[in-house]
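The residues making up each chain are set out below.
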Amino acid sequence: MSNILEVKDLNITFDTYAGKVQAIRGVSFDLKKGETLAIVGESGSGKSVTTRSIMQLLSLNANIEEGQILFNGQDLVQTSEKDMQKIRGKKIAMIFQDPMTSLNPTMTIGKQIAEPLRLHQKLNKDKAHDRALELLELVGLPDAEKRMKQYPHQFSGGQRQRVVIAIALACNPDILIADEPTTALDVTIQAQILELMKELQEKINTSIIFITHDLGVVANVADRVAVMYAGKFVEVGSVDEVFYNPQHPYTWGLLASMPTLETSNSLYAIPGTPPDLLDPPKGDAFAPRNEFAMKIDTELEPPMFKVSETHYAATWLLHEDAPAIDPPAEIKARQKLYKEKYAALHSKGGNL
Ligand SMILES: Nc1ncnc2c1ncn2[C@@H]1O[C@H](COP(=O)(O)OP(=O)(O)O)[C@@H](O)[C@H]1O
Ligand SMILES: [Mg+2]
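These numbers come from a predicted model, not from an experiment. (Residues numbered from 1 in each chain as written. Chains lettered and ligands numbered in written order. Predicted model: local features only at pLDDT ≥ 70, side-chain atom pairs only at ≥ 80, totals over all residues. Heavy atoms only, no water.)

A. Summary view of the site of ligand 1. Near ligand 1, the surroundings consist of 14 residues, among which Gly44, Gly46, Lys47, Ser48 and Val49 are the closest. Within the backbone of serine 45, an N or O atom sits 3.2 Å from an oxygen atom of ligand 1. Computed on the free molecule, ligand 1 has an accessible area of 560 Å², of which 68% lies beneath the protein chains in the complex. Mapped onto the shell around ligand 1, the elements with two or more residues apiece are strand E1 (3-16) and helix H1 (47-54). In terms of residue count, the dominant contributor to the shell around ligand 1 is H1 (3 residues). When its residues are assigned to classes, the shell around ligand 1 shows 4 nonpolar, 8 polar and 2 charged. (Near = heavy atom within 4 Å. Polar contact = N/O pair within 3.5 Å; in protein donor to acceptor, adjacent residues only side chain to side chain. Areas by Shrake-Rupley, 256 points an atom, 1.4 Å probe, with all protein chains shown as cover. Helix = DSSP H or I, 4+ residues; strand = E, 2+ residues; numbered from the N terminus. Nonpolar A, V, L, I, M, F, W, Y, C, P; charged D, E, K, R; others polar.)

B. Highlighting helix H6 (residues 157-169). Taking 1.5 Å of rise per residue, 13 residues should cover 18 Å, and H6 covers 19 Å from first to last C-alpha, within 8% of that figure. Within H6, 10 of the 13 residues are buried, which leaves it mostly tucked inside the rest of the structure. When H6 is considered as a whole, its buried residues turn out to be Gly158, Arg160, Gln161, Arg162, Val163, Val164, Ile165, Ala166, Ala168 and Leu169. Among the structural elements, strand E6 (92-95), helix H3 (109-120), helix H4 (125-138), strand E7 (175-179) and helix H7 (187-204) are those in contact with the buried residues of H6. (Expected span 1.5 Å × (residues − 1). Buried < 20%, exposed > 50% of the residue type's maximum accessible area, 1.4 Å probe, protein only. Contact = heavy atoms within 4.5 Å.)

C. Quick peek at the pairing of strand E8 (residues 207-212). Across the 6 residues of E8, 6 count as buried, placing the element largely inside the fold. The two faces of E8 match: Ser207, Ile209 and Ile211 on one face and Ile208, Phe210 and Thr212 on the other face are all buried. Alignment of strand E3 (residues 36-40) against E8, held across 5 bridges, turns out to be parallel. The partner of leucine 37 across the bridge, within E8, is isoleucine 209. (Pairing = 2+ DSSP bridges.)

In structure tokens form, the structure reads like this:
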């Protein structure tokens, strides 16, 4: 599969009164045509900044210090705002946690979907109307003809997110970025929206970057997972590799803190807090929270060690001289539970 997006050694800082926040510290990844990549990590790890930089939607105090963001070979870091406007919302579309921020409360839904089609795709009124209807049906909103004439407040939270997805898909984007699209929704609706995204991906083959702080929702939507910690990718691999054979102690912690079907509350919390990005630590930023940390972890940043052709992790535990360490029993038990749940999902054809 060819890459639609290649991010290379991205470094982003923010100027603040307290100093320079080193928000993104050397992030590299690629996105293949038609795949879903999930980016997972605690709040503040840099997920939103990474994706907002792809859209060139960073705040004014942000600096891209280094790096390239190649979209079909074109470096978006070097692209002018005028040219970005031809990409943003058309070739790369984004949806956010709160659908209300993307909808205009004073305009009918039909108009909000049709207007960009008339503007960007130069469709006439009737064609734009027909396409809007088609899109509403695609995202699973029945009575589309009637709903087109309604306003956002007449839709529930989940329905609004469906509308936002319809708008995002209107111009057939190459990449859809979804930044915690289900976080504000209740659990049942969350599952429906995730299911919709999965269906859409199969139907229209858009590449998707799916951001979440909840590892639990990843397995059913993503092909690959990137785990982010303190402005870096610390583990990247296929869903199976990251869930069944995790290598980074932070990924172990995330897996262990995942609520299961049996326990709606997680039993485990990763001890400690993420580092201050005004002054990130010298070695492995996770070391102070890592019960398996070695001396080298406080001295030198670990490189990305190769686990397989598709699986990499940045932990000194993968160095050939490191002692062999098994994930703690608690985490293994969690993995076992997860494995059973995951197998059950797959046998049902991947439905939640
Ligand atoms: N406008 C800003 N000014 C200063 N710091 C910021 C700004 N936006 C984000 N940051 C910092 O960048 C880091 C990453 O933030 P973000 O990408 O929003 O995290 P996530 O989406 O993973 O929760 C955090 O430490 C955050 O405080
Ligand atoms: Mg965020």
